[in-house]
Amino acid sequence: MPDTIEVYTGDVVTVEHVDALPDGGARFDLSTDDGRTWRVDVTRDGGSEIVTTKRDGTLADLDTPEWLDDVVARLSRA
């Protein structure tokens, strides 16, 4: 079930756990109300890698959001 996080920019980010990773990390979909989605792998040590990005369900080349590190840090502590 998706959860939401309000980030310091005022954006509300919907966080949905997709799958566990073989190395102990996890994969998440992070999305905003404007239709942008980032699929992100979060490692056990708090690192992250953007796997894919979409706009309105279609693959797109999106910039890394400034709030990504903050959300990843919160996910790593959970």
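In short, a report on the structure. Please read all numbers here as calculations on a predicted model, not as lab measurements.

## Considering helix H1 (residues 68–77)
Listed in full, the buried residues belonging to H1 are Leu 68, Val 71, Val 72 and Leu 75. The buried residues of H1 occupy an angular sector of 100 degrees when the element is viewed end-on, so they sit on one face. Residues of H1 that are exposed and angled more than 90 degrees away from the buried face: Asp 69 and Arg 77. Buried-residue contacts for H1 involve strand E1 (3–6), strand E2 (12–20), strand E3 (26–32), strand E4 (36–42) and strand E5 (48–55).

## Describing the side chain of Arg 36
Counting through the fold element by element, Arg 36 comes out in strand E4. A distance of 2.9 Å separates a polar atom in the side chain of Arg 36 from a polar atom in the side chain of Asp 34.

## Focus: unusual backbone geometry
Although it is not a glycine, Asp 56 adopts a positive phi angle of roughly 50 degrees. By the element assignment, Asp 56 lies in the loop between E5 and strand E6 (58–59).

## Observations regarding the nonpolar core
Counting residues in each nonpolar core, the largest one holds 16 residues, and the members touching the most others are Val 15, Phe 28, Leu 30, Val 40, Trp 67, Val 71 and Leu 75. Elements with a contribution of two residues or more to this core: E2, E3, E4 and H1. Per-element tally for this core: the top contributor is H1, with four residues. If we skip the residues at most four places from it in the chain, Val 40 touches Ala 26, Arg 27, Phe 28, Leu 30, Ser 48, Glu 49, Ile 50, Leu 68 and Val 72.

## Details of the sheet that holds E5
Taken in spatial order, the six strands of this open sheet run E1-E2-E3-E4-E5-E6, and their pairing is antiparallel. Only two strands of the sheet have a single partner each, and these edge strands are E1 and E6. Along the sheet, H1 makes contact with E1, E2, E3, E4 and E5, crossing E4 at roughly 45 degrees.

## Describing the environment of Tyr 8
Note on placement: Tyr 8 falls in the loop between E1 and E2. Taking relative accessible area as the criterion, Tyr 8 reaches 53% and is therefore assigned exposed. With 38 residues separating them along the chain, Tyr 8 and Gly 46 place their C-alpha atoms 19 Å apart. In contact with Tyr 8, not counting residues within four places along its chain, are Glu 66, Trp 67 and Asp 70. Looking at Tyr 8, its side chain comes within polar contact range of the main-chain oxygen of Glu 66, at 2.8 Å.

Rules used throughout
Residues numbered from 1 in each chain as written. Predicted model: local features only at pLDDT ≥ 70, side-chain atom pairs only at ≥ 80, totals over all residues. Heavy atoms only, no water. Buried < 20%, exposed > 50% of the residue type's maximum accessible area, 1.4 Å probe, protein only. Helix = DSSP H or I, 4+ residues; strand = E, 2+ residues; numbered from the N terminus. Arc of directions from axis to C-beta. Contact = heavy atoms within 4.5 Å. Polar contact = N/O pair within 3.5 Å; in protein donor to acceptor, adjacent residues only side chain to side chain. Core = buried A, V, L, I, M, F, W, Y, C linked by side-chain atoms within 4.5 Å. Pairing = 2+ DSSP bridges. Axes fitted to C-alpha atoms, helices over the stretch in contact; angles between N-to-C directions.

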